[in-house]
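In case you want the letters, here they are:
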Amino acid sequence: MTNIDHTPIEYTTSANNILPQFVDQLRQLYGIIAQNTYVKDTAKHLNRIIQDANNQTMILIVGKQRVGKTTLVNGLLGREVLSVNDQHPTGVNTFIRYGEQEEIKAYFLDGVVAIFDLSKLELLTTGDTFASQILREHLDYLEVYLKNDLLKSVTIIDSVSLEAGGGEMAYFSEALMNRVDEIFWVLRSGSRAIDAELLLMDTLKHKGVEPLCVINGIDADEHADAFITAEQQRIGHLMSDFIAISATNALAAKQTDNLELWQKSQYDYLIAHIHRVAENSEKKTYAILIRFLQWLERFRFELTVIPRRDPFQSAVENIEKYAGDTQFEFSRYQRDLAIVKEYEQEYEQVANTFTHVQTLYQLLQTISQHDYLQDEKVEKFTEIAVYYQQMLREYRTMHSEYSREYERLDAQHKKIHGKGLMKAFFGQHTQNEFFKERVQKLNEQQVVCVAQYDNVLQAETSMLQAVRDIQPYLVNLVKERMSRIEQKVQELNQQRAKEKRQLKRYAEKLNEFSCLIEAQGYIKEHLQPFLMQEQMPLKAKDLEMLEETVQAILSIDLSRNGLLARSQMNNKMESIAIPFDVKEMYPQQCLMLQEEDVKSNDIPEIPNKLAIQYAE
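The rules behind these values
Residues numbered from 1 in each chain as written. Predicted model: local features only at pLDDT ≥ 70, side-chain atom pairs only at ≥ 80, totals over all residues. Heavy atoms only, no water. Buried < 20%, exposed > 50% of the residue type's maximum accessible area, 1.4 Å probe, protein only. Helix = DSSP H or I, 4+ residues; strand = E, 2+ residues; numbered from the N terminus. Pairing = 2+ DSSP bridges. Core = buried A, V, L, I, M, F, W, Y, C linked by side-chain atoms within 4.5 Å. Contact = heavy atoms within 4.5 Å. Expected span 1.5 Å × (residues − 1). Arc of directions from axis to C-beta.

A. Here's a closer look at the pairing of strand E1 (residues 57-62). Counting buried positions along E1 gives six out of six residues, so the element sits mostly inside the fold. Burial along E1 is two-sided: Thr57, Ile59 and Ile61 facing one way and Met58, Leu60 and Val62 facing the other are all buried. Where E1 lies against strand E6 (residues 154-158), five bridges are found, and the strand directions are parallel. Its bridge partner being in E6, Ile59 is matched across the sheet by Ile156. Pairing analysis gives four bridges linking E1 to strand E9 (residues 182-188), with the strands arranged parallel. Of the residues in E9, the one forming a bridge with Ile61 is Phe184.

Below you can see the structure in the form of structure tokens.
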């Protein structure tokens, strides 16, 4: 297919040895890059080159509709294997290979491979039923295995018809054209190549591809010789050669064993050309080398865009965020240690919240000083306790006022009568009315003190019950606070662990691209020297292209100045959780106030009512 007629003979003499060695090199390169999913399709293309280098010679049959491509293949096979339908041309590319077991392998677009009996070939290629149409919509290609001696040296591809594309150029799968060793461009005698075909032929010519022009149907055109001469003059510069045949005669000759008809078909020329192509290892080697150079350019493009796209870009950004600087990582660890130390101090303080609480007053002071001991329930307890203290203060105030008044009046009474108020006295004195009035007021104060004393007792009862109820609740609040501090440390360690996991994940993601760095080295150290050897069948322009592409590949920095290595180093640094063993060091101090601890033990006794009689 590729024109190497002008390649010096000394450059092709070692082709038989070069191709196997080259394939071994490509296998090693494929094994390296196949580890990266980002270049999955590129690796797949390289693997296809390797497979095609090991495969039989592949001949692609190309042409527009109704030129007899399928009939041509049937003539080569000597029987009507492929279905011929003028209304429904072949609808899927069909690879015809040698096989002891005759069968069809259908490769679907979703990756499924199904095996069919040979009788189902019409259904899959040209059938017009609804089932046929549905199947073809999901088919990628077919492989037909036949027991035919010709297929032992070549694989023939019966292709779908050419389609007009943009710019009126005929469209055909470039990927398939690149894979084959020879193209048979089929024209029907009397039907010239259309402009759309000429544009595609010209495009192939610029790529160094010159198909063999096969003119079919010479038995049905009395002006076949004139037609062939005209097409040679018109498109001869785009073709490697011309062969005129009659596929109909060839098929009929094989079916009837008619030697004369076979000779008229001129298939011997076609088959001889097929054998020459199959035996031309130099041509195949050069074609594989050129395909690899083209693949190398594709690989260069892939490497160029990787640093600017995800997942490489996001992996780099996040690694720089979490571990771009080992000194920063160390400083952050020191910061976390300091935070945990503060939590430890806080935990110790909370654990000792009730250490010095021995009275109701101290309990209320402690509650007011710690916000974690304050909620609606504790507030209600505080109100009860404060009310008790208030009742107690008011009683003490009343009792103190009564005592002062009593002592003052008692002193006056002693001065006048010589005896205190509580002594029996029946004498007369001008001040007796004054004393009677003052004693009455004292007794009124005594009644108020009695009432207030009752209020104190009621408040005390409520307070004692509230203290019994609130103590376990307060202890639990302290316990919750301690647990919250432990949780903060746990959250800090979880955040550290999360960052480490993220760092590891991004490092693993970035590490997926390390195989591409290895591939860069392999291309430089092994493939380039191998391809630059003098015995390689490469032209000067090919070697120039190789040198430029390899240099471009090597100039792409996927290491990001050792970022991956630094990330792996940081991933090992201080990755263990910061310990927080505080429960045994700082056990929680319980709150166990008894009744005698919270109620007042020095409440003044209620004063007795004064009952003093004076003589009239």
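B. Geometry of the nonpolar core. Counting 54 residues, the largest nonpolar core has Phe354, Leu360, Leu363, Phe381 and Leu474 as the members making the most contacts within it. The element contributing the most residues to this core is helix H17 (residues 432-511), with 19 residues. Ignoring anything within four residues of it in the chain, the contact list for Phe381 reads Leu360, Leu363, Leu364, Ile367, Ala466, Val467 and Ile470.

C. A look at the pairing of E6. The buried fraction of E6 amounts to five of the five residues, a majority that puts the element mostly inside the structure. Neither face of E6 is left uncovered, since the one carrying Val154, Ile156 and Asp158 and the one carrying Thr155 and Ile157 both have all their residues buried.

D. Structural view of helix H8 (residues 224-235). Along its twelve residues, H8 runs 16 Å from first to last C-alpha, staying within 8% of the 16 Å computed at 1.5 Å per residue. Buried within H8 we find Ala224, Phe227, Ile228, Glu231 and Ile235. Projected down its long axis, H8 carries its buried residues within an arc of 100°, all on one side. Facing away from the buried side of H8, by more than 90 degrees, are the exposed residues Asp225, Ala226 and Gln233. If you follow the buried residues of H8, they end up packed against E9, helix H7 (195-206), strand E10 (212-216) and strand E11 (241-244).

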